[in-house]
Amino acid sequence: MEEAILIKKTLPKYSQFSNFHLTQIPPYLVYPSFDTKDVTNHLEEIYKIREYVIFNLTCSPALTHRENNIAARFNQLASEVIEDCMMISSPTQIALHPSYQEIIGMGKNIFPLLIKKLDETPIFWFWALEAIAGINPVPKSHRGNIPEIVKDWKKWANTNNYAG
Amino acid sequence: MPVRDAYIESRFPQLTSYKIKSPIDDKYNCIAFAANDNTKWWWPKAPFYWPPDIPEKEDLDSFVACYKSLGYKECRLNSKFEKGYEKVAIFVDPNGIPTHAAKQDTDVKGFWKSKLGRYIDIEHTLKGISGTYSYGNVGVILKRKVK
């Protein structure tokens, strides 16, 4: 399949999924034959072609479409969490919300978006930040002090180039 | 303060009589508010505040221990106003996990006060916020002498 067709037709279809990675492009999409035996015999060639396509696509403006989709999906999920959990005190209850679970599943891609959300609705996002970063940078002396916890996370994000 | 709130009423259909007492504030939650602390978010899990030496477990025993450390004693489900005492009601979900705390209003008999998560705080009856949304029902009530 020609690269132009892949960018125009296939990438938008896959990039609507927030956790899409270019390496998930099925090999058969870059090789003209659908014959199983033929594909099996040319696997090495197929993977090389896919690598070439991915290399070119990483410079492609089609990626902007993907990044925009990630932000849009995150914002939609965050809105659902805020709407449903506005009056909930338990961070565990909030974290178990299906939309919250999906946010955690989006991984490091959305870390800058989470840091930005701390300015609006701080208490919701500490669990997700810790789950994604694998660390809790808040000292014991700041426990419960929401403005200080926000500062701790922002400082950590800046130091580790996660601020976006 | 506005007189009514559509969001609250949609989540608590039994809430017929209530008063809005303060605006949205992210700094404190219901557990803190019931402990007369409007500066921190209390929950037995980092990075939130929990009193020292109290087990950091999300179960009723830990929450009871939390308020006992502030001088409260259990009085089962006795929600009646008693002169000279202040009371706290801890709500639990169907699995017995704490969800919310309310403190008794010492000015208006029969009414309680709650900070609703990060949302506003209201004056209400216990029945008004029971049985619905994510709060469940009252699991235990504790009381202490007014200082």
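Source: prediction; values computed, not measured.

Chemist: Would you mind showing me how to read the overall build of chain A here?
Modeler: Across its full length, chain A carries 9 helices and 0 strands. The helix and strand sequence of chain A, counted from the amino end, reads α-α-α-α-α-α-α-α-α. Going through the 164 residues of chain A one by one, you find that 44% of them count as buried. The long-range share in chain A, meaning contacts at least 24 apart out of those at least 6 apart in sequence, stands at 55%. Per element, the accessible surface of chain A, about 9000 Å² overall, is 54% carbon and sulfur.

Chemist: Help me understand the interface of chain A and chain B in this model?
Modeler: Quoted interface sizes are often the accessible area lost when the parts come together. Each partner contributes to the interface: chain A provides 27 residues, whereas chain B provides 28 residues. When chain A packs against chain B, close to 2400 Å² is buried across both sides, 59% of that on carbon and sulfur atoms. Three residues, Met87, Ser89 and Arg143 of chain A, lead the burial of chain A against chain B; their summed loss comes to 35% of the area buried on that side. In this structure, the connection of chain A to chain B is made through 3 salt bridges. Linking Glu56 of chain B and Arg143 of chain A is a salt bridge whose minimum nitrogen-to-oxygen distance equals 2.9 Å. Connecting chain A to chain B are 11 residue pairs in polar contact (both at pLDDT 80 or more). Taken together, the elements giving at least two residues each to the side of chain A that touches chain B come down to helix H4 (62-85), helix H5 (91-95), helix H8 (126-133) and helix H9 (146-159) of chain A.

Chemist: Before we go on, may I ask you to explain the pattern of salt bridges in this structure?
Modeler: For side chains bearing opposite charge, pairing can occur when the charged atoms are close. Residues and elements named next belong to chain B. Enumeration according to the criterion identifies 15 salt bridges over all chains in this entry. Close ionic contact of Glu9 with Arg4 constitutes a salt bridge, the shortest N to O distance being 2.7 Å. Residue Glu9 is classed as partly exposed on the basis of its relative accessible area, which comes to 23%. A salt bridge links Arg118 to Asp26, with the nearest nitrogen and oxygen atoms 2.7 Å apart.

Chemist: What's the story with the packing of H8 of chain A against H9 of chain A in this structure? I'm lost.
Modeler: Packed helices, taken two at a time, are described by their axes: the angle between them and the distance between them. Residue and element names in this part refer to chain A. H9 packs onto H8 with a crossing angle of 30° between their chain directions and a minimal axis gap of 12 Å. In terms of axis orientation, H8 runs roughly parallel to H9. The crossing of H8 and H9 is left-handed. Along the contact surface, H8 presents Phe126, Leu129, Glu130 and Ala133, while H9 presents Ile146, Ile149, Val150, Trp153 and Trp156. For the contact of H8 with H9, the residue count by class is 8 nonpolar, no polar and 1 charged.

Chemist: It is not clear to me how the packing of aromatic side chains should be interpreted in this structure. Could you clarify?
Modeler: The way to describe two aromatic rings as a pair is by their centre distance and the angle between their planes. Counted according to the given criterion, the structure contains 15 aromatic pairs over all chains. Note on Tyr7 of chain B and Tyr119 of chain B: the rings are 5.4 Å apart at their centroids and 65° apart in plane angle, and the pair reads as edge-to-face. Of this pair, Tyr7 of chain B sits in helix H1 (residues 6-11) while Tyr119 of chain B is found in the loop between strand E5 (112-115) and strand E6 (121-124), placing the two residues 112 residues apart along the sequence. Classification of Tyr119 of chain B as buried rests on a relative accessible area of 11%. Aromatic pair Trp43 of chain B and Phe63 of chain B: ring centres 5.0 Å apart, planes at 70°, arrangement edge-to-face. In this pair, Trp43 of chain B is assigned in the loop between helix H2 (30-34) and helix H3 (60-68) and Phe63 of chain B in helix H3, connecting sequence segments 20 residues apart. Like Phe63 of chain B, Trp43 of chain B is buried. An aromatic cluster is built from Phe74, Tyr100, Phe124 and Trp125 of chain A, whose rings are joined through pairwise contacts.

Chemist: I would appreciate a short explanation of the side chain of Lys115 of chain B in the present structure.
Modeler: Residue and element names in this part refer to chain B. Within the fold, Lys115 resides in strand E5. One buried charge, Lys115, has no salt-bridge partner; the nearest side chain with opposite charge is Asp25, at 5.8 Å. Among the polar contacts listed, one links the side chain of Lys115 to the backbone oxygen of Asp25, at a separation of 2.8 Å. Here Tyr28 takes part through its backbone oxygen, which lies 3.2 Å from a polar atom of the side chain of Lys115. Look past the residues within four positions of Lys115 in its chain and what remains in contact with it is Asp25, Tyr28, Asn29, Cys30, Phe33, His100, Ile120 and Asp121.

Chemist: Sorry if this is basic, but what is going on with H9 of chain A here?
Modeler: Spacing of three or four residues puts side chains on the same side of an α-helix, whose turn is 3.6 residues. Residue and element names in this part refer to chain A. Compared with an ideal rise of 1.5 Å per residue, which puts 14 residues at 20 Å, H9 spans 20 Å between its outermost C-alpha atoms and is within 8% of the ideal. Residues Ile146, Ile149, Val150, Asp152, Trp153, Trp156 and Ala157 constitute the buried set of H9. End-on view of H9: buried residues confined to an arc of 160°, all on one side of the axis. Exposed residues lying more than 90 degrees from the buried face of H9 are Lys151, Lys155, Asn158 and Thr159. Against helix H7 (111-117) and H8 lie the buried residues of H9. Directly after H9, the chain includes Asn161, whose backbone phi takes a positive value near 55°.

Here is what the cut-offs are and how they apply
Residues numbered from 1 in each chain as written. Chains lettered and ligands numbered in written order. Predicted model: local features only at pLDDT ≥ 70, side-chain atom pairs only at ≥ 80, totals over all residues. Heavy atoms only, no water. Helix = DSSP H or I, 4+ residues; strand = E, 2+ residues; numbered from the N terminus. Buried < 20%, exposed > 50% of the residue type's maximum accessible area, 1.4 Å probe, protein only. Contact = heavy atoms within 4.5 Å. Areas by Shrake-Rupley, 256 points an atom, 1.4 Å probe, with all protein chains shown as cover. Buried area = accessible area lost by both parts, 1.4 Å probe. Salt bridge = Lys/Arg side-chain N within 4 Å of Asp/Glu carboxyl O. Polar contact = N/O pair within 3.5 Å; in protein donor to acceptor, adjacent residues only side chain to side chain. Axes fitted to C-alpha atoms, helices over the stretch in contact; angles between N-to-C directions. Parallel < 35°, antiparallel > 145°, perpendicular 65-115°, else oblique. Left-handed = near helix turned anticlockwise from the far one by under 90°. Nonpolar A, V, L, I, M, F, W, Y, C, P; charged D, E, K, R; others polar. Phe/Tyr/Trp six-rings, centres within 6.5 Å; stacked < 30°, edge-to-face > 60°. Lys, Arg positive; Asp, Glu negative; His and termini not counted. Expected span 1.5 Å × (residues − 1). Arc of directions from axis to C-beta.

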